[in-house]
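# Examination of the molecular architecture
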Amino acid sequence: MQLVRKSINYLGFASILAFIIGAPYLRGLFFDVDFYWIELGMISIVLLMIFTNMKQTKNAFQLPAVWFLLLIPVIYGINVFRAENQLLAFQQFFRWVMYASIFIGVYLLKEKKWMKDLIWAAFILSTIWIAIFGWLGAYQLVDFRDAFLGNRISSVFQYPNTLGAFLAAGLMSLLIRSTSEKKGFAFSSIGSFLLFITMIFTYSRGTWLLFALIWVIPIFILKFREQLLYLIHSILIGFGLLFTIEKLNQTIVDKNSSTGFLLIGIASILIFSIYFISHYLISKINNKLVNVKKLRWLFPILLVIGIVIVFFVIKDGVFLDKLPKSIQQRIATINLETNSVVQRNLFNHDATNMMKDYLWFGAGGGSWRQLYERYQTYPYTSAQAHNFYLQTILEVGIIGFIFLLGFFASIFYGFIRSFKLMDTDRKNQMVTFGFAVFFLLAHSFIDFNMSFAYFSAIIMVLLALITEPFDIKLQLLKNKAIPYSFFTVLTIISFISIIWLGRFVYAERLMTQFTGKTLVEAEGIMDKAIKANPYQLDYRMTKINVLQSISGYNQDKKIVNDIMKEIITLKDNRRKDSSFLLQLSQKMGAMGYIKDSIEVLDEGIKNGSWREPLYTQKIVYLFNYAQYNKEQGKLDNSQKLLDQIEPLYNELMEKRRYLDQQIPTLRYSTFRPSPTMLQYVGQTYIVEGKYNEGLNLLIPLTKQKDENIKKQAIAWTIYAYDKLKQPSKVNEFKKLGQPLGIDQIINEIYTTWEK
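Here the structure is a predicted model, which is why all the values come from computation and not from measurement.

Turning to the overall build of the chain, a few remarks are in order. Helices and strands together make up the secondary structure of the chain, namely 33 helices and 2 strands. With 755 residues in all, the chain has 56% of them scored as buried. Here the analysis covers contacts within the chain between residues at least 6 apart in sequence; of these, 75% occur between residues at least 24 apart. Counting every atom, the chain has about 33900 Å² of accessible surface; 61% of that belongs to carbon and sulfur.

Glancing now at empty space enclosed by the protein. Empty space among the atoms can be located by rolling a probe the size of a water molecule over them. Throughout the structure, instances matching the rule amount to 2 cavities of 30 Å³ or more. Lining the second largest cavity, in full, are Ile 20, Ile 119, Trp 120, Phe 123, Ile 458, Val 461, Leu 462 and Leu 465. Contributing elements (two or more residues each) for the lining of the second largest cavity: helix H6 (113-138) and helix H19 (453-466). Considering each element in turn, the lining of the second largest cavity owes the most residues, 4 residues, to H19. Taken together, the residues of the lining of the second largest cavity sort by class into 8 nonpolar, no polar and no charged.

Quick look at the environment of Ala 100 now. With respect to the helices, strands and loops of the structure, Ala 100 is situated in helix H5 (residues 86-109). Distance from Ala 100 to Ile 43, taken between C-alpha atoms, is 8.8 Å for residues 57 residues apart in sequence. When sequence neighbours within four positions are dropped, the list of residues in contact with Ala 100 reads Leu 69 and Leu 70.

Now for unusual backbone geometry. Notably, Lys 255 is not glycine yet its phi reads approximately 55°, a positive angle. Tracing the backbone through its elements, the reader meets Lys 255 in the loop between helix H10 (224-254) and helix H11 (257-284). The backbone of Tyr 668 sits at a positive phi, close to 45°, despite the residue not being glycine. Tracing the backbone shows Tyr 668 in the loop between helix H28 (645-660) and helix H29 (675-687).

A word on the environment of Val 4. Counting through the fold element by element, Val 4 comes out in helix H1 (residues 2-22). The sequence separation of Val 4 and Thr 52 amounts to 48 residues, and the corresponding C-alpha distance is 7.9 Å.

Most of helix H16 (residues 367-375) sits out of view: 7 of its 9 residues are buried. For H16, every residue scored as buried is listed here: Ser 367, Trp 368, Gln 370, Leu 371, Tyr 372, Glu 373 and Tyr 375.

In this section: the side chain of Ser 578. Relative to the assigned elements, Ser 578 resides in helix H24 (residues 578-590). Residue contacts for Ser 578: discarding those within four places in its chain leaves Glu 373, Gly 604, Gly 608, Arg 611 and Leu 614.

Glancing now at the packing of helix H26 (residues 612-631) against H29. In contact at an axis separation of 9 Å, H26 and H29 are set at 35° when each is read in the N-to-C sense. Read as a crossing pair, H26 and H29 show a hand that is left-handed. Facing Glu 612, Tyr 615, Thr 616, Ile 619, Val 620, Phe 623 and Asn 624 of H26, the residues of H29 in contact are Thr 676, Met 677, Tyr 680, Val 681, Gln 683, Thr 684 and Val 687.

Locating Thr 162 in the fold gives a position in helix H7 (residues 160-177). Contacts of Thr 162, omitting those with residues within four sequence positions, involve Phe 157, Asn 449, Phe 452 and Phe 455.

So, on to the packing of aromatic side chains. Pairs of aromatic rings are described using the distance from one ring centre to the other and the angle between the two planes. Applying the stated criterion to the full structure yields 55 aromatic pairs. Arranged with centres 4.4 Å apart and planes meeting at 25°, the rings of Tyr 159 and Phe 448 form a pair that is stacked. One end of the pair, Tyr 159, is in the loop between strand S2 (152-153) and H7; the other, Phe 448, is in the loop between helix H18 (424-443) and H19, and 289 residues separate them in sequence. Accessibility classification places Tyr 159 together with Phe 448 in one group, the buried group. Grouped by ring-pair contacts, the aromatic residues Phe 19, Phe 123, Phe 157, Tyr 159, Phe 166, Phe 448, Phe 452 and Tyr 454 constitute a single cluster. Sitting over the face of the ring of Phe 185, Arg 177 holds its NZ or CZ atom 3.7 Å from the ring centroid.

Attention shifts here to the packing of helix H20 (residues 481-510) against helix H21 (residues 519-532). Axes are the key here: two packed helices are described by the angle between their axes and the distance separating the axes. Interhelical geometry of H20 versus H21 gives an angle of 160° and a closest axis separation of 8 Å. Comparing the axis directions of H20 and H21 gives the class roughly antiparallel. Where H20 crosses over H21, the handedness of that crossing is left-handed. For the pair H20 and H21, contact is made by Trp 500, Arg 503, Phe 504, Tyr 506, Ala 507 and Leu 510 and by Ile 525, Lys 528, Ala 529, Lys 531 and Ala 532, respectively. Residue composition of the contact of H20 with H21, by class: 8 nonpolar, no polar and 3 charged.

Let us now look at the nonpolar core. Core analysis: the largest hydrophobic core is formed by 225 residues, its most contacted members being Phe 61, Phe 103, Trp 135, Phe 211 and Leu 463. The dominant element in this core, judged by the number of residues it contributes, is H5, at 17 residues. Setting aside residues up to four positions removed in sequence, Trp 135 forms contacts with Ile 153, Leu 194, Ile 197, Thr 198, Phe 201, Leu 248, Ile 252, Phe 261 and Ile 264. Judged by nonpolar contacts, the second largest core, of 16 residues, contains Met 564, Ile 567, Leu 584 and Met 591.

What follows concerns H7. Between its first and last C-alpha, H7 extends 26 Å over 18 residues, near the 26 Å set by a 1.5 Å rise per residue. With 18 of its 18 residues buried, H7 lies for the most part within the structure.

Further remarks concern the pattern of salt bridges. Pairs may arise between side chains of opposite charge once their charged atoms sit close together. Enumeration according to the criterion identifies 17 salt bridges in this entry. Residue Arg 426 pairs with Glu 468 through a salt bridge whose shortest N-O separation is 2.6 Å. Pair noted here: Arg 426 is in helix H18 and Glu 468 is in the loop between H19 and H20, with a separation of 42 residues, a long-range link. Glu 468 gets classed as buried once you look at its relative accessible area, which sits at 11%. Note that Asp 602 and Lys 618 form a salt bridge whose closest N and O atoms lie 2.3 Å from each other. One end of the pair, Asp 602, is in helix H25 (residues 594-607); the other, Lys 618, is in helix H26, and 16 residues separate them in sequence.

What follows is about the environment of Ser 609. Tracing the backbone through its elements, the reader meets Ser 609 in the loop between H25 and H26. Residues contacting Ser 609, with those up to four places away along its chain left out, are Glu 373, Tyr 615 and Lys 655.

Another aspect to go through is a nonpolar patch on the surface. A cluster of nonpolar side chains, namely Ile 217, Phe 220, Ile 221 and Phe 438, defines an oily patch on the protein surface of about 320 Å² accessible area. Within the element layout of this structure, Ile 221 appears in the loop between helix H9 (205-216) and H10.

When pLDDT is averaged along the chain, the result is 84; 89% of the residues meet or exceed 70. Mean pLDDT values for the elements of the chain range from 52 in helix H12 (residues 287-290) up to 94 in helix H8 (residues 192-200).

Basis of the calculations
Residues numbered from 1 in each chain as written. Predicted model: local features only at pLDDT ≥ 70, side-chain atom pairs only at ≥ 80, totals over all residues. Heavy atoms only, no water. Helix = DSSP H or I, 4+ residues; strand = E, 2+ residues; numbered from the N terminus. Buried < 20%, exposed > 50% of the residue type's maximum accessible area, 1.4 Å probe, protein only. Contact = heavy atoms within 4.5 Å. Areas by Shrake-Rupley, 256 points an atom, 1.4 Å probe, with all protein chains shown as cover. 1 Å grid on protein atoms, 1.4 Å probe; cavity = no way out; pocket = protein on both sides within 12 Å on 5 of 7 lines; lining within 4 Å. Points joined across faces, edges and corners; volume = space filled by probe spheres on them. Nonpolar A, V, L, I, M, F, W, Y, C, P; charged D, E, K, R; others polar. Axes fitted to C-alpha atoms, helices over the stretch in contact; angles between N-to-C directions. Left-handed = near helix turned anticlockwise from the far one by under 90°. Phe/Tyr/Trp six-rings, centres within 6.5 Å; stacked < 30°, edge-to-face > 60°. Lys NZ or Arg CZ within 6 Å of the ring centre and 35° of its normal. Parallel < 35°, antiparallel > 145°, perpendicular 65-115°, else oblique. Core = buried A, V, L, I, M, F, W, Y, C linked by side-chain atoms within 4.5 Å. Expected span 1.5 Å × (residues − 1). Salt bridge = Lys/Arg side-chain N within 4 Å of Asp/Glu carboxyl O. Patch = residues over 30% accessible without salt bridge, like charges linked within 9 Å, V, L, I, M, F, W, Y side chains within 5 Å. pLDDT = per-residue confidence, 0-100.

And the structure:
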């Protein structure tokens, strides 16, 4: 049994190390897709660790932090049954079970000091390699989607702001840990310049500003000797930045990787060498001198004076002139009126309105993505709320958020209670872990980092490393039934997760096997996948596409019935996000169910009133359906349909006029009628005899690059000028349209609308 226990512990330890180092390279750390098999593996392994380490498990489940943490996935699990998007709700449930498992697993392992040190080393190694990978992306030496965006390094995160936060946390950790009395940790300083310079080239203004603010705090906490080393290390990195940043910027422009890596390498070695010598010399100074308590306030005072001086130096432009133009411009835009700041304020405002409707228990996992268009006050597009804490309240409500705060508060309380009893190196270690996780949590106020499962898991790892047991004075909380109850909770939600994750993994595998199969075989495979994971509506969409492509639209009765069965199932689903409803309406329209498609679009506009494609699609369907009714002699029906088009267009244009009255950052110039909308509205005006209004919309479209829109615009312009008795204009546009072959379109217009 002892051998089994040790084997499982080592397996768990190896799995956590592998996750920390290897998971970032799997499609951007789960941002746009969940890796169910990793969640399945981590939950299963930790569950084995728990059952084979009952003595340590008993201690772990006496922690209030564990109790609060386990209640969060419980609420996510309950919300699965009431969420509008059950797939996203399931995914968040799986993630939080995995987070809880990782937290408990690391807590069980950290009793061995060498394991704790290796877990931190794995975190630092991950930050260093991710930074290197970012430079490989900048120099186009690796093929990884969005590793370099514009002029910003984003590495495996595919999002520069999250990379910046991750590297800044690692840098804070290095700066503090390298001040340890143990000389071995001074070697970690060799990676500090790489992390800092990469963080700069993420161009993340929020990270820069937050790092500057949080960097100051350790000066007020560390002892005099540690303060001195912390400042020396930081100053060395700063000088390295000044001497290399312009040259490194040019190497990115020139894709000169050899010079770039040489500069980073030389700067890193020089900074490490000087810092290591400084560390050695300071360690030789009489401890009585460097530990004098009064000296601890010397650097904070000097720092305040230095910050004032630096502020005026930067304001004067002396420092900024030494930076690349792109970074100067980025710094110059750090204010409350930048587009990103304004948009984040909008997200916060809209999230607050959402929370009022789902106050106590939230709307379920992924609810921001599902609901934001229903509440948005401007036409932004954002699948994330850019504020982890507001997004959490929206997903699990005030009750769930209280559990999250309780989780953080209990860890902090235990940390403070235990800190005074620690030796110097242990204190240094705990402050190291503490500031790394503090930075990650603080940055999550202004961005959606926690939407990356890897990022959140790293936070759980660091929180577990600083979690300390403490005595519970309340007699009620000493009841043995409480730890056993939460042990049971974890066991239940873990088994539920394992079962459903297994089903989801099986479904994903099935959906890769239908290519090249016969119609019967392909349909059977997809039906099995849908049965295994009925919440993944993309499977049904794929089935519809496959059936349509195989049938060749030959209107085979069985295939048509199968397609309509899936469409009806999708229509009856509780999902109401506008993008899904738009896609569904198009599927229905392709099958000829135009009336039903229009009803779906009405629901889409209700839930996404700023999504222009919904208006366009509805106007297209209304006009085509009106034309069909006209051809069938149903003139009243045709007119009723046409009467709906102009109000839709006016509604959208009213929104455009509203935006034009806002400050520049809120004008959203891309929100405007599409050429297709203008074409069909112009045609409607002409059919209704409003020739001048129609021509005002159609004539500019006669210069469109899209040949179909251009032909339609010319044909309808000719028809309008003919009705206005202007033969010269008719001839002018006939000459323009002759090479395009518009005669048939003109004939169809007269045939349909002159009846």
